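# Architecture at a glance
Each chain, written out:
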Amino acid sequence: MTTIRRLGIYGGTFDPIHFGHLAIVEEARWYCNLDRVLIVPAAAQPLKAGHLAAAHHRLAMVQLACADNPALSPSTIELDRPPPSYTVDTLRICREQYGTDTELYLIIGADAAAELPAWREPHQIARLAQLVVVKRPGYTLDLPALLAAVPPLHNRITMIDGPQLAISSTDLRQRLATGRPVRYQLPDAVYTYIQHHHLYQTEDSHT
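What counts, and at which threshold
- Residues numbered from 1 in each chain as written.
- Predicted model: local features only at pLDDT ≥ 70, side-chain atom pairs only at ≥ 80, totals over all residues.
- Heavy atoms only, no water.
- Helix = DSSP H or I, 4+ residues; strand = E, 2+ residues; numbered from the N terminus.
- Rg over C-alpha atoms; globule rule 2.2 N^0.38 Å.
- Buried < 20%, exposed > 50% of the residue type's maximum accessible area, 1.4 Å probe, protein only.
- Contact = heavy atoms within 4.5 Å.
- Areas by Shrake-Rupley, 256 points an atom, 1.4 Å probe, with all protein chains shown as cover.
- Polar contact = N/O pair within 3.5 Å; in protein donor to acceptor, adjacent residues only side chain to side chain.
- Arc of directions from axis to C-beta.
- Phe/Tyr/Trp six-rings, centres within 6.5 Å; stacked < 30°, edge-to-face > 60°.
- Lys NZ or Arg CZ within 6 Å of the ring centre and 35° of its normal.
- Pairing = 2+ DSSP bridges.
- Axes fitted to C-alpha atoms, helices over the stretch in contact; angles between N-to-C directions.

## Observations concerning the overall build of the protein chain
Helix and strand content of the protein chain: eight helices and six strands. Each helix and strand of the protein chain, placed in order from N terminus to C terminus, yields the pattern β-α-β-α-β-α-β-α-α-β-α-β-α-α. Over its C-alpha trace the protein chain gives a radius of gyration of 17 Å, about what one expects of a compact globule, namely 17 Å for 207 residues. Expressed as lengths along the three principal axes of its C-alpha atoms, the size of the protein chain is roughly 45 × 40 × 30 Å. A burial count over the protein chain gives 48% of its 207 residues as buried. Long-range contacts, defined as pairs at least 24 residues apart, comprise 78% of the intrachain contacts of the protein chain with a sequence gap of at least 6. Per element, the accessible surface of the protein chain, about 10,400 Å² overall, is 50% carbon and sulfur.

In structure tokens, the structure reads:
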């Protein structure tokens, strides 16, 4: 079994997963010298509205998107427990599974980082994992305000410029619903899966 000294955790709805997500993960993996990154689809995020695609579809798309990168590991850690999906619980499970010898790195976008004080047990999140914040196009994080709200983050936060691809799952869903092109914005295998299962087009996307 390969020893994992630095483990990244990147969660989200992934509804659907796209190249913006994958570029963020790869940048963080390289910048922080991570041995592996868990890609964790949420069962239900407390601060987001309901998902359009069912959990098994979102997981399948993540698996397809990660298939050609051995450093990325799709994880059912949040789908295997009742929602909502609290990050602090995910980090605790990772700590139990991988042990104290593994350093955890929570990868999030700058917009999500700004909401961290509203998450469940933000101070404990900061104690369990290093925070890797990837800048987002057109968004500036008020870092002093974040550190003031969550003091344990001092010396435990890394800011990364990242590729800043302006791709969003919301826009992709709208494009798919109206027949506009999405090619080159998400992996071909994911697009093929979406077409095969008629996702984001009808009520059938829930099943």
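Moving on, there is more to tell.
## Quick look at the side chain of E78
As for its placement among the helices and strands, E78 is situated in the loop between β3 (72-74) and α3 (87-98). Side chain to side chain, E78 and S85 meet in a polar contact 3.5 Å long.

## Let's talk about the environment of Y200
Within the secondary structure, Y200 is located in the segment after α8 (188-197). Considered as a pair, Y200 and R173 are 27 residues apart in the sequence and their alpha carbons are 5.8 Å apart. Only 2.7 Å separates the side chain of Y200 from the side chain of D15, close enough to count as a polar contact.

## Remarks on helix α7 (residues 169-178)
In an α-helix there are 3.6 residues to a turn, and that puts residues three or four apart on one side. All buried positions along α7 are accounted for by S169, L172, R173, R175 and L176. Projected onto a plane normal to the axis of α7, the buried residues spread over an arc of 160 degrees and lie on a single side. Just downstream of α7 lies G179, where phi reads positive at about 80 degrees.

## So, the side chain of H18
Mapped onto the fold, H18 is located in the loop between β1 (6-12) and α1 (19-31). Polar contacts involving the side chain of H18 include one to the main-chain amide nitrogen of G20, which spans 2.9 Å. Every residue in contact with H18, bar those within four places of it in the chain, is listed here: I167, S168, S169, L172, Q185, L186 and P187.

## Points about the packing of aromatic side chains
Under the criterion given, the structure shown has two aromatic pairs. Ring geometry for W30 against Y31: centres 6.3 Å apart, planes inclined by 65 degrees, an arrangement best described as edge-to-face. By relative accessible area, which is 60% here, W30 ends up exposed. Residue placement shows R120 over the ring face of Y86; its charged tip is 3.9 Å from the ring centre.

## Let's talk about the sheet that holds strand β5 (residues 130-134)
The sheet built from six strands is open, its strands ordered β3-β2-β1-β4-β5-β6 with parallel pairing. Each edge of the open sheet is held by one strand with a lone partner, namely β3 and β6 (157-160). Ignoring which end each strand starts from, the neighbouring axes of this sheet average 25 degrees apart. Both β1 and strand β2 (residues 36-41) contribute to a ladder of six bridges, which runs parallel. Looking across to β2, one finds that Y10 is bridged to I39. Of the strands in this sheet, β2 and β3 touch helix α2 (residues 55-66), which is tilted by about 155 degrees from β2.

## A look at the environment of E121
When you line up the elements, E121 lands in the loop between α4 (110-114) and α5 (122-128). Between the C-alpha atoms of E121 and V150, which are 29 residues apart in sequence, the distance is 9.8 Å. Every residue in contact with E121, bar those within four places of it in the chain, is listed here: V88 and R92.

## Details of unusual backbone geometry
With omega at 5 degrees, the peptide bond leading from D15 into P16 counts as cis. Relative to the helices and strands, P16 is located in the loop between β1 and α1. Even without glycine at this site, E121 takes up a positive phi of about 50 degrees. Exposure remark for E121: the relative accessible area of 36% places this residue in the partly exposed category. If you check the backbone angles, N155 has positive phi at about 65 degrees while not being a glycine. Note on placement: N155 falls in the loop between α6 (143-149) and β6. Looking at N155, the relative accessible area reads 78%, which means it is exposed.

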